[in-house]
Amino acid sequence: MVVITVPCTIDQIPLVKCPKVANAAVPTVDMSAPGAAAAVAEACRGVGFFRATNHGVPAALAEALESRAAAFFALPHREKLEHASARPFGYGSKSIGSNGDVGWLEYLLLAVGSSSVLPPSLRAALEEYTVAVREVGGRVLELMAEGLGLEDRGALRRMVVDAAGSDEMVRVNHYPACPLASGVTGFGEHTDPQIISLLRSNRTGGLQIMLRDGRWVPVAPDPDSLFVNVGDSLQFSDVTTFGAMEQVLTNGRFRSVKHRVVAPDAGKQSRLSVIYFGGPAATQRIAPLPELMSKGEHSLYREFTWGEYKKAAYKTRLGDNRLGPFELPAVAAAVKEPTNTDHNCSSKAVQPPPPPHVAQVY
């Protein structure tokens, strides 16, 4: 039995109350198909999220990592802390960052290429899997560039996979069944700040995405596929031939998607997911790609570096609009994010006050 031990009560964790709805019709992209680039671009413009099949990551690698990660999370709490206690990376439980966000989960957060004190078998499985999924991330970025019509197919890939000093991380999340309540938040609603993220889970559901109309819908688990999220940083790079106002209103660009995880109810199998986050180097300039800008066109956001955006993101809560401080005035005045209460889908919790210091990467 897995016991989560931290100074936090169930009353502090949000409860997700949503009507029963069908699983989301997630766009599926066959990575080996001739039309993959167009399909990727369409999915990123429409939803900002898609299922990648025929991705090339051997099933044996994913299954070995899942098995060894499950064994690690089954260890006594004290032993897990001894194996991975190098903050801000390493092992964590319930607390997500340092600004007051909590969830019913425990996790490992590791920088790609860094040394760790994980058990050798888990470290080896994680490194081997990361090499494979990182390459898939590079191929997805190439397909995105091709789908955007860029002559340089490697323009996005070079920001992450082929960049010196790129900011890449892997997160392993474990959501034990919660015996205390139903509909407990495992990981609160958020977008990913990086350029791209790729997720693989076991057969236990819980992942939900927010559609453009503000409705939350569940995503059926599929261990044989990878789920790709458009990150906040990539959102800046897709600028269509419309004016700045019309770009927001017509969905004519890539967009990061809000997502969250609901912990399994009592009696259900734990959910285990592995996410690769691909971010650029701290000095990487984040602005619309010049090749996509037409004459007289204006950017939706002010220019900044990944380091500046990451620093700002660390100061926010999970559900905050991280893009807000970077929006130009005309955009900020025109865009209204849909809210949970607008669509009869709410979260209730007694939230602890946020401490006055910087949050970790989510």
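This text follows the structure it describes.
Just so we're clear, the structure is a prediction, and the values are computed from it rather than from any experiment.

Asker: I tried to follow the overall build of the protein chain on my own but got confused; where do I start?
Answerer: Within the protein chain one finds 9 helices and 16 strands. In the protein chain, which comprises 362 residues, the share counted as buried stands at 53%. In the protein chain, the proportion of contacts linking residues at least 24 apart, taken out of those at least 6 apart, comes to 78%. With an accessible surface of roughly 15600 Å², the protein chain has 56% of that area assigned to carbon and sulfur atoms.

Asker: Explain the environment of Asp 320 here, please?
Answerer: By the element assignment, Asp 320 lies in the loop between α8 (306-313) and α9 (329-334). Judged by its relative accessible area of 37%, Asp 320 is partly exposed. Linking Asp 320 and His 190, residues 130 residues apart in sequence, is a C-alpha distance of 7.5 Å.

Asker: When you look at the sheet that holds strand β3 (residues 49-53) in this model, what are you seeing that I'm missing?
Answerer: Two orientations exist for strands paired in a sheet by backbone hydrogen bonds: parallel and antiparallel. Sheet architecture is open: 8 strands sit in the order β2-β3-β11-β8-β13-β6-β5-β4, paired in mixed fashion. With one partner strand each, in any of the chains shown, β2 (28-30) and β4 (90-96) form the two edges of the open sheet. Taking each pair of neighbouring strands and ignoring which way they run, the sheet shows an average axis angle of 25°.

Asker: Explain the nonpolar core here, please?
Answerer: Note that soluble globular proteins tend to have their nonpolar side chains buried in a common cluster. Counting residues in hydrophobic clusters, the biggest one holds 55 residues, and the most contacted among them are Phe 50 and Met 144. At 12 residues, the largest contribution of residues to this core is made by helix α4 (residues 120-147). In this structure Phe 50 touches Val 26, Pro 27, Val 29, Val 40, Ala 43, Cys 44, Val 140, Leu 226, Phe 227 and Val 228, once residues within four positions along its chain are discounted.

Asker: So what exactly am I meant to see when it comes to the environment of Ala 145 here?
Answerer: Mapped onto the secondary structure, Ala 145 falls in helix α4. For Ala 145, a relative accessible area of 0% translates into the label buried. Counting along the chain gives 108 residues from Ala 145 to Ala 37, while the straight-line C-alpha distance between them is 8.0 Å. The contact partners of Ala 145, leaving out residues within four places of it in the chain, are Leu 150, Asp 152, Arg 153 and Leu 156.

Asker: Help me understand the sheet that holds strand β7 (residues 185-190), please; the structure alone is not making it clear to me.
Answerer: Pairing is antiparallel in the open sheet, where 4 strands are placed in the order β7-β12-β9-β10. The sheet is open, and its two edges are formed by β7 and β10 (216-218), each paired on a single side. If you compare each strand with its neighbour and ignore which way they point, the axes differ by 25° on average. Bridging between strand β9 (residues 207-210) and strand β12 (residues 259-262) involves 3 bridges; their strand directions are antiparallel. When the bridges of β12 are listed, Gln 208 appears paired with Arg 260.

Asker: Got a minute to help me understand the packing of helix α1 (residues 36-46) against α4 in this structure?
Answerer: Each pair of packed helices can be described by the angle between their axes along with the distance between the axes. One way to put it is that α1 packs onto α4 with a least axis distance of 8 Å and a crossing angle of 85°. In terms of orientation, α1 and α4 fall into the roughly perpendicular class. Where α1 abuts α4, its residues Ala 36, Ala 37, Val 40, Ala 41, Cys 44 and Arg 45 lie against Leu 143, Met 144, Glu 146 and Gly 147. In terms of residue class, the contact of α1 with α4 is built from 7 nonpolar, 1 polar and 2 charged.

Asker: Which parts of the structure should I look at to understand empty space enclosed by the protein?
Answerer: Any space left empty among the atoms is revealed by the rolling of a water-sized probe across them. Under the definition given, this model contains 5 cavities of 30 Å³ or more. Each pocket or cavity is described by its volume, and for the largest cavity that value is around 150 Å³. If you trace the largest cavity, you find 17 residues lining it, with Asn 173, His 190, Leu 199, His 259 and Ile 275 closest to the centre. The set of elements that each furnish at least two residues to the lining of the largest cavity consists of β6 (167-175), β7, β8 (196-201), β12 and β13 (271-279). Class assignment of the residues belonging to the lining of the largest cavity gives a composition of 8 nonpolar, 6 polar and 3 charged.

Asker: What exactly am I supposed to notice about the pattern of salt bridges here?
Answerer: Once their charged atoms are close, side chains differing in charge can pair, the charge on each being opposite to the other. Within the structure shown, the criterion is met by 14 salt bridges. The residue Arg 51 makes a salt bridge to Asp 222 at a minimum N-O spacing of 3.5 Å. In this pair, Arg 51 sits in strand β3 while Asp 222 sits in the loop between β10 and β11 (226-230), placing the two residues 171 residues apart along the sequence. Among the ionic pairs, Glu 146 bridges to Arg 153, the shortest N-O distance being 2.7 Å. We classify Arg 153 as partly exposed; its relative accessible area is 37%. Look at the salt bridges and you will find they share partners, linking Glu 135, Glu 142, Glu 146, Arg 153, Arg 157 and Asp 162 into a network.

Asker: Would you explain α1 in this entry?
Answerer: When we look at burial in α1, the residues that qualify are Ala 36, Ala 37, Val 40, Ala 41, Ala 43 and Cys 44. One side of α1 holds all its buried residues, which, seen down the axis, span an arc of 165°. Projecting away from the buried face of α1 at angles above 90 degrees are the exposed residues Ala 38 and Glu 42. Close packing links the buried residues of α1 with β2, β3, α4 and β11. Gly 48 occupies a position one or two residues after α1 and carries a positive phi of about 85°.

Rules used in this analysis
- Residues numbered from 1 in each chain as written.
- Predicted model: local features only at pLDDT ≥ 70, side-chain atom pairs only at ≥ 80, totals over all residues.
- Heavy atoms only, no water.
- Helix = DSSP H or I, 4+ residues; strand = E, 2+ residues; numbered from the N terminus.
- Buried < 20%, exposed > 50% of the residue type's maximum accessible area, 1.4 Å probe, protein only.
- Contact = heavy atoms within 4.5 Å.
- Areas by Shrake-Rupley, 256 points an atom, 1.4 Å probe, with all protein chains shown as cover.
- Pairing = 2+ DSSP bridges.
- Axes fitted to C-alpha atoms, helices over the stretch in contact; angles between N-to-C directions.
- Core = buried A, V, L, I, M, F, W, Y, C linked by side-chain atoms within 4.5 Å.
- Parallel < 35°, antiparallel > 145°, perpendicular 65-115°, else oblique.
- Nonpolar A, V, L, I, M, F, W, Y, C, P; charged D, E, K, R; others polar.
- 1 Å grid on protein atoms, 1.4 Å probe; cavity = no way out; pocket = protein on both sides within 12 Å on 5 of 7 lines; lining within 4 Å.
- Points joined across faces, edges and corners; volume = space filled by probe spheres on them.
- Salt bridge = Lys/Arg side-chain N within 4 Å of Asp/Glu carboxyl O.
- Arc of directions from axis to C-beta.

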